[in-house]
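# Tertiary structure, described
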Amino acid sequence: MSGQDALQSTELRDFTQMLSEVFTSGDDHRIGEVVELDRALWSTLTELGLDRLTGSEESGGSGAGWREAALLLEATGGAAAAVPVAENDLLAGWLLETVGLDVTPGVRTAAVLDADGRARHVPWARFADSIVVLWESPQGWQVAEVARGDVELVEAVNLAAEPRDHLRVDLSALSGRDVPAGVADEFRYRGALARALASAGAMDRILELVVEHTTARVQFGRPLGKFQAVQALVADLATEASLAHAAADAAVDAVLAGGFGDASTRFAIAAAASCAGHAASIVARNAHQALGAIGFTMEHELHRHANRILSWRSEFGTVSSWDAELLAAAGEAGDVWALITGGPAR
Amino acid sequence: MSARLVPRAGTPDPALTELRAEVRAFLKEQIDAGVFTPGIDTWLTRWNPEFTRALAARGWVGMTIPVEYGGHGRTFMERFVVTEELLAVGAPVAAQWVADRQAAPSLLKYGTEEQKQRFLPGIAAGEICWAIGMSEPDSGSDLASVKTKATRVDGGWRISGTKLWTSGAHHADAFFGLARSAPLDPAHRHDGLSQFIVLLDSPGVTIRPILSMSGDHHFNEVLLDDVFVPDDLVLGQIGAGWEQVTSELGYERSGPERFLSTFGVLESLVHGVVDGSVEPDTRIGATIGRIAGMHRMSTAVSESLERGENAELAASVVKVLGTKTEGDLADLADEIAGYTAADAHLAELVRAGVMQRPGFTLRGGTSEILRGVIARGLGMR
């Protein structure tokens, strides 16, 4: 398979084509407001089976894998889509299936609760029908589904005005199902990979906006893109976005090859989160610099993507925590190169 | 964006993993036997003909050269894997580098049958060394401005001019000299250039050392004073030099030497963190993540070259990112360990990294020019 583009299969090409029809960049009807769940888009996703893309077919899901999920997440990122695809399918749906609970139709998010039953910055919680929670009880890790009405909720948003609410759940009222500790670990890796993929999609859209602007906008008698300094800004943005893509691709391949429990998968996800997180600085900064004050305004599309990638990089772990994890993994492996290539130690 | 600047890499091939293991085992033997000490930027600075011949004996030089020319008929990806292993460990590979990376592919693509038979078996055996004859005192990245002149004479060409920064010319057998074979037409600057196989022991060739700031001798100035090159040593077509050189640069820019030149520093820093002599700075982790991403990108570019695609844009992306990262790594090691590092090997790598760093982002085309290539690829110019 070496050298074969993984996306050359007919099914994946058709899937990519469908995504490009469902997710269209540019339109936005939420200017100046907290981003609301896009119910119309969610209905479309539900009709197409994209809301529970990786759920098992027995539980009403579409039975797809991370390859397809990656394409979907990149598409949602590129379109700044206001839908909890990662939360509903890859986190909440996955947790419910893990403990053998039914996945009834609905909008879900998921959260890890602390010992007081609190969770901060939970994505989309106010719009969810229920929240699947994961917490460590004295008996071990537990999973339960809680109706939105049974949760104390304080509204909050991230830098991109996406709902990131603070929750409190009465743990004593919950009856959970046991899961091994590894499930809580996996939650963080799944979330981080989902954000890295969506970020890569958003960076593509940012690059597109920047190229459009710098080729169209004339200053000092010529298009901005003719200035070498502007070319350098955009090239650096593009190279960082490419790196974020490559690292995210590698992580998806690692998931497909070894699952989330595998040390090399966790290394690859940490690398993807780190690359996407660091890239976000340069991509957001250079894009704003290239667009001047125009990109800084509420009317312009740029901030929707730029603020998202800046927000997403601190969900499911800070950039620095992933950097620290990479260093720790390297120290443990002893042979850094073997770790990077996934091959045998020297 | 409909098309990515760097294609997606394919899924890993188990046969390549096996090859990696073989090369690793061999390199470990060589280090343990004291044949070489891992270093920094060794594809430029460590010239070790014995080691190169030992590699050749294993079939790891001239891997993609067809068997009928003494090569091994292996794939570009197999060569890529071996190359990565050699670089990651910091093996002394300068003696084979240009011959294997650029000269062989160019000879295969543009050379005559006679030229292939004459040079390729020696390259594959690790016995023929090559240098690069592109840059000049007044012409760095802007190769269209070369002033070296080729004048038609009976049975060949007379070449005069000065080539600069020719790494390893004092050891090399030959280079492809880029010269102007027709007067410069300002409207078509890329026309009228040609490539000549210049044997560096030819009468009229003078090679003068140019010491780098560390005091080491890798660079040279090569003076060509009316050097005769017979017709049978013209590479490709007279007048097609620009196109040929551009294709050669694809090989020069895409390889893992663009992000692994200082990899040994990273290994040493991690060992320092483990034994407590280096602070656990998260920037070390960030660099590991970047290099993991670049390994993936560079793999994708090699796969693209294997498919015979034009990889100029993707190679430029890897080179800009990679040379910045390998240089930043040298600086990071200097900041957190320094040349005063207690570990003598790390201290030596820090020194070597800092001294070599300025070259990373300029050799093979400066980052500034390559950013322009990327901007062109994006449709900005």
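Residues numbered from 1 in each chain as written. Chains lettered and ligands numbered in written order. Predicted model: local features only at pLDDT ≥ 70, side-chain atom pairs only at ≥ 80, totals over all residues. Heavy atoms only, no water.

## As for the overall build of chain A
A tally of regular secondary structure across chain A gives 10 helices and nine strands. Against the compact-globule benchmark of 20 Å for 346 residues, chain A has a radius of gyration of 20 Å, which places it among compact chains. Across its three principal directions, the C-alpha atoms of chain A cover 70 × 55 × 40 Å. A total of 346 residues make up chain A; the buried ones form 58% of that total. For chain A, contacts bridging at least 24 residues in sequence account for 66% of all contacts bridging at least 6. Carbon and sulfur atoms make up 50% of the accessible area of chain A, which amounts to about 13,500 Å² in all. (Helix = DSSP H or I, 4+ residues; strand = E, 2+ residues; numbered from the N terminus. Rg over C-alpha atoms; globule rule 2.2 N^0.38 Å. Buried < 20%, exposed > 50% of the residue type's maximum accessible area, 1.4 Å probe, protein only. Contact = heavy atoms within 4.5 Å. Areas by Shrake-Rupley, 256 points an atom, 1.4 Å probe, with all protein chains shown as cover.)

## Section: unusual backbone geometry
Phi angles above zero are rare outside glycine, and D41 of chain B is one such case at about 55°. Within the secondary structure, D41 of chain B is located in the loop between α1 (14-32) and α2 (42-45).

## A word on the sheet that holds strand β2 (residues 118-123) of chain A
Residue and element names in this part refer to chain A. Spatially, β2-β6-β5 is the arrangement adopted by the three strands of the open sheet, whose pairing is antiparallel. Both outer strands of the open sheet, β2 and β5 (152-154), are each paired with one neighbouring strand and no more. The sheet shows a mean angle of 30° between the axes of neighbouring strands, direction not considered. In this sheet, strand β6 (residues 164-168) lies alongside β5 in antiparallel orientation, the contact comprising three bridges. (Pairing = 2+ DSSP bridges. Axes fitted to C-alpha atoms, helices over the stretch in contact; angles between N-to-C directions.)

## Some thoughts on the pattern of salt bridges
Across all of its chains, the model carries 44 salt bridges over all chains by this definition. When the shortest N-O distance is used, the salt bridge between E74 of chain A and R4 of chain B registers 3.5 Å. With E74 of chain A in helix α3 (residues 66-78) and R4 of chain B in the segment before α1, this pair bridges two chains. With a relative accessible area of 11%, E74 of chain A lands in the buried category. Linking R152 of chain B and D231 of chain B is a salt bridge whose minimum nitrogen-to-oxygen distance equals 3.0 Å. One end of the pair, R152 of chain B, is in strand β2 (residues 149-153); the other, D231 of chain B, is in the loop between β7 (217-230) and β8 (234-235), with 79 residues separating them in the sequence. Residue classification places R152 of chain B among the partly exposed residues on the basis of a relative accessible area of 47%. Salt bridges linked by common partners bring E87, E162, R164, R195, R308 and E315 of chain A together as one network. (Salt bridge = Lys/Arg side-chain N within 4 Å of Asp/Glu carboxyl O.)

## A look at the packing of aromatic side chains
Enumeration according to the criterion identifies 14 aromatic pairs over all chains in this entry. Judged by centre distance (5.1 Å) and plane angle (55°), the rings of W130 of chain B and F176 of chain B are tilted. Here F176 of chain B lies in strand β4 (residues 174-180) and W130 of chain B lies in strand β1 (residues 130-133), a separation of 46 residues in the sequence. Overall, the relative accessible area of 3% leaves F176 of chain B in the buried class. Note on W165 of chain B and F219 of chain B: the rings are 5.6 Å apart at their centroids and 70° apart in plane angle, and the pair reads as edge-to-face. Placement of W165 of chain B in the loop between β3 (156-164) and β4 and of F219 of chain B in strand β7 is noted, with a sequence separation of 54 residues between them. A residue is classified by how much of its surface remains accessible, and F219 of chain B, at 24% relative accessible area, is partly exposed. Seen from the ring of Y189 of chain A, R188 of chain A lies directly overhead, with NZ or CZ sitting 4.9 Å from the centre. (Phe/Tyr/Trp six-rings, centres within 6.5 Å; stacked < 30°, edge-to-face > 60°. Lys NZ or Arg CZ within 6 Å of the ring centre and 35° of its normal.)

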